[in-house]
Structures are given as C-alpha cells and as structure tokens.
Amino acid sequence: MGSGQKSNSLVVPQAQQAMYQFKYEMANEVGISNQIQGGYWGHISSRDCGAVGGHMVKKMIEAYQQSLAGKV
C-alpha cells in the first residue's frame, strides 16, 4: 500500500509512538517479531498481521474493562 493510500488515522495523534511500540509488543506475543525486517511488514501473511491486530484490540478491551471495574 502506498503512503498516500492510508485511510485510518489515530484519534489522538500524540499516541502514535505508543501504538507503534504496542504493535511490536503484540507481534512479539504472536511470535512473528523475528520476521519483521527494519519495520517492513510486506512479506508477513495477512493472517499473521490480523493476529497482531486482533491481539491489540483484545488487550485494549481488557484495559478498558479493567478501568471500568476500577471506577465502579
């Protein structure tokens, strides 16, 4: 995908570095971090990339649920 085709953006642009680091942490959990070369993900399968995204969403939901439980 070209750089001009990216359609998603962060709601809080200041969180970009944290999200970048979070993505690599999840790639490590999934076990594909050794396949990423210099930040290039193009040769990693869609299934593996989807697993990283799925783990990211799962962790964000868990964190939100924990924050809600703490506010009750």
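See the structure printed just above.
Residues numbered from 1 in each chain as written. Predicted model: local features only at pLDDT ≥ 70, side-chain atom pairs only at ≥ 80, totals over all residues. Heavy atoms only, no water.

Caption draft 1: Here's a closer look at the packing of aromatic side chains. Enumeration over the complete set of coordinates arrives at two aromatic pairs. Aromatic side chains tyrosine 20 and tyrosine 24 sit 4.8 Å apart centroid to centroid with 55° between the ring planes, which places their arrangement in the tilted category. Of this pair, tyrosine 20 and tyrosine 24 both sit in helix 1 (residues 16-30), four residues apart, which is roughly one turn of the helix. Each ring, one from tyrosine 24 and one from tryptophan 41, has its centre 5.5 Å from the other, and the planes form 70°; the classification is edge-to-face. Residue tyrosine 24 is found in helix 1, and its partner tryptophan 41 is found in the loop between helix 1 and helix 2 (46-71); the two are separated by 17 residues along the sequence. Taken together, Tyr20, Tyr24 and Trp41 form an aromatic cluster joined through their ring pairs. (Phe/Tyr/Trp six-rings, centres within 6.5 Å; stacked < 30°, edge-to-face > 60°. Helix = DSSP H or I, 4+ residues; strand = E, 2+ residues; numbered from the N terminus.)

Caption draft 2: Just a nonpolar patch on the surface, in detail. A surface patch of nonpolar side chains, about 250 Å² in accessible area, is lined by Val57, Met60 and Ile61. Structurally, the position occupied by methionine 60 is in helix 2. You can call methionine 60 partly exposed: its relative accessible area is 38%. (Patch = residues over 30% accessible without salt bridge, like charges linked within 9 Å, V, L, I, M, F, W, Y side chains within 5 Å. Areas by Shrake-Rupley, 256 points an atom, 1.4 Å probe, with all protein chains shown as cover. Salt bridge = Lys/Arg side-chain N within 4 Å of Asp/Glu carboxyl O. Buried < 20%, exposed > 50% of the residue type's maximum accessible area, 1.4 Å probe, protein only.)

Note that all results are geometric; they support no functional claim without further evidence.
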